[in-house]
Amino acid sequence: MPVELEWVALSVFIFFFVLVTVMGFLAARWKSGPVNADLDEWGLGGRQFGTWITWFLVGGDFYTAYTVIAVPALVYAVGAYGFFALPYTIIVYPFVFAVMPLLWKAAHAKGYVTAADVVHGTYNSRALELAVAVTGIVATMPYIALQLVGMGAVIKAMGLSGELPIVAAFIILALYTYSSGLRAPALIAFVKDTMIYIVVLVAVVIVPAKLGGYGAVFAAAGDAFAVKGGATGLILKDSQMLAYATLALGSAFAAFMYPHTLTGVFASKSADTIRKNAILLPAYTLLLGLIALLGYMAHAAHIQVASPNDVVPMLFKTLFPSWFAGFAFSAIAIGALVPAAVMSIGAANLFTRNVWKTYLDPTISHAGEASVAKITSLIVKVGALAFTLFLPVQYALDLQLLGGLWILQTFPALVFGIYTRWFRAESLLIGWAAGIAWGSWTAWSNGLKPLASVSLGGATYTFYVGLGALILNIVVAVIATALLAWISPATDRRVAVRS
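The rules behind each value
- Residues numbered from 1 in each chain as written.
- Predicted model: local features only at pLDDT ≥ 70, side-chain atom pairs only at ≥ 80, totals over all residues.
- Heavy atoms only, no water.
- Patch = residues over 30% accessible without salt bridge, like charges linked within 9 Å, V, L, I, M, F, W, Y side chains within 5 Å.
- Areas by Shrake-Rupley, 256 points an atom, 1.4 Å probe, with all protein chains shown as cover.
- Salt bridge = Lys/Arg side-chain N within 4 Å of Asp/Glu carboxyl O.
- Helix = DSSP H or I, 4+ residues; strand = E, 2+ residues; numbered from the N terminus.
- Buried < 20%, exposed > 50% of the residue type's maximum accessible area, 1.4 Å probe, protein only.
- Contact = heavy atoms within 4.5 Å.
- Pairing = 2+ DSSP bridges.
- Phe/Tyr/Trp six-rings, centres within 6.5 Å; stacked < 30°, edge-to-face > 60°.
- Axes fitted to C-alpha atoms, helices over the stretch in contact; angles between N-to-C directions.
- Parallel < 35°, antiparallel > 145°, perpendicular 65-115°, else oblique.
- Nonpolar A, V, L, I, M, F, W, Y, C, P; charged D, E, K, R; others polar.

**Student:** Explain a nonpolar patch on the surface to me, and be specific about the residues and the numbers.
**Tutor:** A cluster of nonpolar side chains, I471, V475, I479, L483, W486 and I487, forms an exposed patch at the surface whose accessible area comes to about 680 Å². One can find W486 in helix α21 (residues 465-487).

This is the structure we're talking about:
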């Protein structure tokens, strides 16, 4: 049955979409430096973003449209387990404070643009550089596709059918990203995050007031989970504790290995900017906790949907006037554009610096690098769009879960090299391969689920496959390095510079 077109909501949606489109094209003139001069300007915004710009940019590409859709959807479906995103975003910021300024210093001193640049500079290994680059590109593609899933959910809620609206939105995104590079999502992130904060703060006050208060909200959600049974509920089951903890820890380690989050780090103007952001960014964790509560509110509002991904749009459509629903929908849709742009830029930077320049055109000019990256960013977006249009949504979900597992395997090569040169490049490459192979096989064997179970002493333990693969990765790298050192002692045992 077709959904009636919501003209008021659609009008508000179009207004804000046009606003950010204009901002996206004007961003090419924002901040000094010609966008097309080199990859630093187009792909990193000239490395000149201060504390507030970086805060909005990193928050904008870390908390995506799909986050706003998927976290409440998971809470709606299973309850407490869906809140794993909160401890994961709490754990990640001390890691950012300790590690990312050192990584920024290494990149800034040598002119590195990507994680693979840093890895090559540390180990002088083209094979390890390529492994990190390819992993980053492949892991990012389904992540971009999921932004389309989030955008599609709100477009459908307004009564628009077909794929044309999503195609049009991504054509506009592709054009202003091509024109303005990283400056476009950085500027738009101001609008996006402000809108998201307004939407969530209004929702967590107004929705419970309409539903009888938070006591009624939690009671209704508890009753719904009691009827559903299984591994659902307001409190974690004993059997979920290990899975919850390992999923949170593994996700925290993976979060800033992605090309788009590292792009935000490398675009910062100083190491202190990153430290200040690590202090300020937990405000987004508070926001995420409030967003997650929308899943419980949907039970209290008796929202019934075919897919949990439709929960948030239906909640706003049901409980708010059309104009505010349109405002909320536009905030979520813009929340897809910012991370999708940064993700495509991050992937384009990797391809340009670590594939094209390394293997196809080593003498390419700085302006040539920018041109290749711009074209690559278009191709990446087209690939993500085709993925969404022609394959079931579940494929994007499954591949994004695998993407998290894969990107986590770049952690040893990128992070360990900041502190020590003890590891050999060959060992890290073997460890990476072992983690990728075992993790992918285990996830595939479990129906592409992120969790696996093992029986020990009559008890069954469920854990996050990605973290298990990372542990295997590190163990293999340690053993291989020790064996290589025994067979062929290295002459250079310098400790990495920490200044």
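Additional details are given in the paragraphs that follow.
**Student:** If you had to explain the pattern of salt bridges to someone new, which residues and values would you point to?
**Tutor:** Tallied over the entire structure, the rule returns nine salt bridges. Among the salt bridges present, the one from E41 reaches R183, with a minimum N-O distance of 2.6 Å. Placement of E41 in helix α2 (residues 39-44) and of R183 in helix α9 (residues 183-211) is noted, with a sequence separation of 142 residues between them. Among the salt bridges present, the one from R275 reaches D272, with a minimum N-O distance of 2.9 Å. Linking R275 with D272, this pair stays in helix α13 (residues 271-280), spanning three residues, or about one helical turn. D272 sits in the partly exposed class, given a relative accessible area of 46%.

**Student:** Please provide a residue-by-residue account of helix α6 (residues 115-123), values included.
**Tutor:** Of all nine residues in α6, eight are buried; the element is thus mostly enclosed. Those residues of α6 that fall on the buried side of the exposure criterion are A115, A116, D117, V118, V119, H120, T122 and Y123. The elements touched by buried residues of α6 are α5 (85-110), α7 (126-157), α12 (259-266), α16 (322-360), α19 (411-419) and α20 (425-445).

**Student:** Just give me the short version of the pairing of strand β2 (residues 459-464), but keep the residues and values in it.
**Tutor:** The pairing of strand β1 (residues 451-456) with β2 spans six bridges and is antiparallel. By the bridge assignment for β2, L456 is matched with A459. If you look at the hairpin formed by β1 and β2, you'll find two residues sitting between the two strands, and G457 has a positive phi there, around 60°.

**Student:** Now, about the packing of aromatic side chains: what can you tell me, with residues and values included?
**Tutor:** Applying the stated criterion across every chain yields a total of 30 aromatic pairs. Ring geometry for F95 and F253: centres 6.2 Å apart, planes at 65°, overall edge-to-face. Taken together, the positions of F95 in helix α5 and F253 in helix α11 (residues 241-255) put the pair 158 residues apart, joining distant regions of the chain. By relative accessible area, which is 11% here, F95 ends up buried. A residue is classified by how much of its surface remains accessible, and F253, at 22% relative accessible area, is partly exposed. Centre to centre, the rings of F253 and F411 are 5.2 Å apart; their planes meet at 45°, and the pair counts as tilted.

**Student:** Please give an account of unusual backbone geometry that cites residues and values.
**Tutor:** In this model, N124 sits at a positive phi of 55°, which is unusual for a non-glycine residue. Within the secondary structure layout, N124 lies in the loop between α6 and α7. At L448, a position not held by glycine, the phi torsion is positive, near 55°. With respect to the helices and strands, the residue L448 is situated in the loop between α20 and β1.

**Student:** Describe in detail the environment of G346, supporting the description with residues and values.
**Tutor:** With respect to the secondary-structure elements, G346 resides in helix α16. Sequence separation between G346 and L187 is 159 residues; the distance between their C-alpha atoms is 17 Å. Leaving out residues up to four positions away in the same chain, G346 has contacts with P259 and T263.

**Student:** Residues and numbers for the packing of α5 against α19, please.
**Tutor:** Taken N-terminus to C-terminus, the directions of α5 and α19 make an angle of 75°; their axes are 10 Å apart at the nearest point. When the axis of α5 is compared with that of α19, the two are roughly perpendicular. Across the interface between the two elements, F95, A98, V99, L102 and L103 from α5 touch F411, L414, V415, I418 and Y419 from α19. Among the residues forming the contact of α5 with α19, the class breakdown is ten nonpolar, no polar and no charged.

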